[in-house]
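# Understanding the architecture of this molecule
Here is how the chains run, residue by residue.
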Amino acid sequence: MRLIGATGLAAILVAGVPPLLSAKPISLSAEQVANLSLQTQSAEPVNMAPLGSFPGTLTPTLQGRQMAAAPFAGLVQSVRVVEGDQVRAGQVLATLYSPEAVRISGDLGQSEVAYRSALASARRTRTLADEGILPVARAEEVEAQAAALGVQVRMNRQLLGGGAGGAFTLRAPISGRVSRVDLKPGEGVDAMSGGIVIDSSDALWAEVRLSASKASSVKVGDLVAIDNVETRGKVIAVGRAVDPKTRTVLLRAEIAGLADRFPGELVNVTLFARVKEPTVALPRDAISRNGDTSQVFIAEGNRYTARAVEVVGYDGGKAYVTGLSGKDVVVTSGVSQLKALSERQG
């Protein structure tokens, strides 16, 4: 076998082809392959690879969140939901009592009477205008007055939420899951200050703080993953300012399908960035160690050869490495047995 000198080895490294770790390939018969339970898989070329894993915090998305707040100050009589409940739009969430609601209730009664009278007058005026007895402008004026009273009636009904006699109800503005309840029976509440928060989506934001050098490698649209969640999210914002205290940049990603996770929860966030050199993904079990070097075994027919690779990162059961191409077939099962044979042969 021809030996590679120092000059030849340097040329190989410059060309970007990792050196083979075994002096010669291991040749195995079909029976030996079966006895060793060897399995192989083609390396998968990728254009994104893990940049690293970082601690992050889940926070609610602002776009899918709404609050049902008391329109005026009052006393909480009852609360009908708790955190985590699924609610539909228009569902009663709480009942409150307020002297202001008494006044609104009285105004509603008066405006309803005035509205019915105005509607009747508008119909009569329109009939007379159609017959040419009254000007059309007069009919339009009366109809506008009736419409204004109708708006007032609807506003008062909305404020009371279906309540009467000083009581008013808070109703869900959207369908979704209750994420926070700031009301307690027997306690007072100021106008528009406390209420019930509803999230319409099971998506959450993951917020991570990165060094400026790491943040510069991440772009909006890059993929992210969190532990024990199959769904991938996407980076939606990368801060442009460095926090003066932590010297970090805020990154925010949105991840769907997190109905069983909670805002404020600490998670491990894996960020993916576009690769700068050819990179492949393969099963993590295909990687073994040879001293300080990571290696895989390349299968070519019945011949198996160890090859050094550079591990870029891990994501679950996948390893992302450089030093291979999509044409390479790697051993994914029986690696430890091959390694032992390679060491004895070497």
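Residues numbered from 1 in each chain as written. Predicted model: local features only at pLDDT ≥ 70, side-chain atom pairs only at ≥ 80, totals over all residues. Heavy atoms only, no water.

Spatial strand order, β8-β7-β5-β10: 4 strands in an open sheet with antiparallel pairing. Edge positions in the open sheet fall to β8 (167-171) and β10 (188-189), since each of these has one partner strand only. Alignment of strand β7 (residues 92-97) against β8, held across 5 bridges, turns out to be antiparallel. The residue bridging L96 from the neighbouring strand is F168, located in β8. (Pairing = 2+ DSSP bridges. Helix = DSSP H or I, 4+ residues; strand = E, 2+ residues; numbered from the N terminus.)

Now for helix α6 (residues 335-345). Among the residues of α6, those classed as buried are V335, L338 and S342. Buried residues in α6, looked at end-on, bunch into an arc of 65°, giving them a common side. What points out from α6, more than 90 degrees from its buried face, is the exposed set S336, E343 and R344. On the buried face of α6, the contacting elements are β1 (26-27), β17 (288-290), β18 (293-300), β19 (303-315) and β21 (329-333). (Buried < 20%, exposed > 50% of the residue type's maximum accessible area, 1.4 Å probe, protein only. Arc of directions from axis to C-beta. Contact = heavy atoms within 4.5 Å.)

Quick look at the packing of aromatic side chains now. Pairs of aromatic rings are described using the distance from one ring centre to the other and the angle between the two planes. Under the counting rule described, the total for this entry stands at 1 aromatic pair. Here F272 and Y320 contribute two aromatic rings whose centre-to-centre distance is 6.2 Å and whose plane-to-plane angle is 75°, an arrangement assigned as edge-to-face. Residue F272 is found in strand β16 (residues 266-283), and its partner Y320 is found in strand β20 (residues 318-322); the two are separated by 48 residues along the sequence. Residue F272 is classed as buried on the basis of its relative accessible area, which comes to 5%. Judged by relative accessible area, which is 6%, Y320 ranks as buried. The ring of Y314 is capped by R284, whose NZ or CZ atom sits 3.9 Å from the centre of that ring. (Phe/Tyr/Trp six-rings, centres within 6.5 Å; stacked < 30°, edge-to-face > 60°. Lys NZ or Arg CZ within 6 Å of the ring centre and 35° of its normal.)

Residues L128, I133 and L134 make up a contiguous nonpolar surface patch of about 230 Å² in total accessible area. Structurally, L134 is set in the loop between α3 (99-130) and α4 (136-160). The exposure class of L134 is partly exposed, given its relative accessible area of 31%. (Patch = residues over 30% accessible without salt bridge, like charges linked within 9 Å, V, L, I, M, F, W, Y side chains within 5 Å. Areas by Shrake-Rupley, 256 points an atom, 1.4 Å probe, with all protein chains shown as cover. Salt bridge = Lys/Arg side-chain N within 4 Å of Asp/Glu carboxyl O.)

Nonpolar side chains tend toward joint burial in soluble globular proteins. The biggest cluster of nonpolar side chains holds 21 residues, and the ones touching the most others in it are L210, L251, V269 and L271. Broken down by secondary-structure element, the contributors of at least two residues to this core are β3 (44-60), β12 (204-210), β13 (223-226), β14 (233-238), β15 (249-255) and β16. Ranked by size, the runner-up nonpolar core spans 19 residues in total, among them V76, V178, V189 and I196. (Core = buried A, V, L, I, M, F, W, Y, C linked by side-chain atoms within 4.5 Å.)

For the rest of this paragraph, the subject is the confidence of the model for the protein. Overall, the predicted model of the protein reaches an average pLDDT of 84, with 88% of residues at or above 70. The element-level mean pLDDT for the protein is lowest in helix α1 (residues 6-14), coming to 39, with β15 highest at 95. Note on residues 1-23: pLDDT is under 50 here. Beyond four places in sequence and across chains, it has 23 contacts. (pLDDT = per-residue confidence, 0-100.)

A few words now on the sheet that holds strand β4 (residues 65-69). With antiparallel pairing, the 4 strands of this open sheet are ordered in space as β4-β11-β9-β6. Here the strands that pair on one side only, and so sit at the sheet edges, are β4 and β6 (86-87). Relative to strand β9 (residues 176-181), β6 runs antiparallel, the two sharing 2 bridges. Note on β9: the bridge partner recorded for V87 is G176.

Counting across every chain of the model gives 10 salt bridges. Here R180 and D182 are joined by a salt bridge, their closest N and O atoms 3.1 Å apart. When salt bridges that share partners are traced, they join R126, D130 and E143 into one network.

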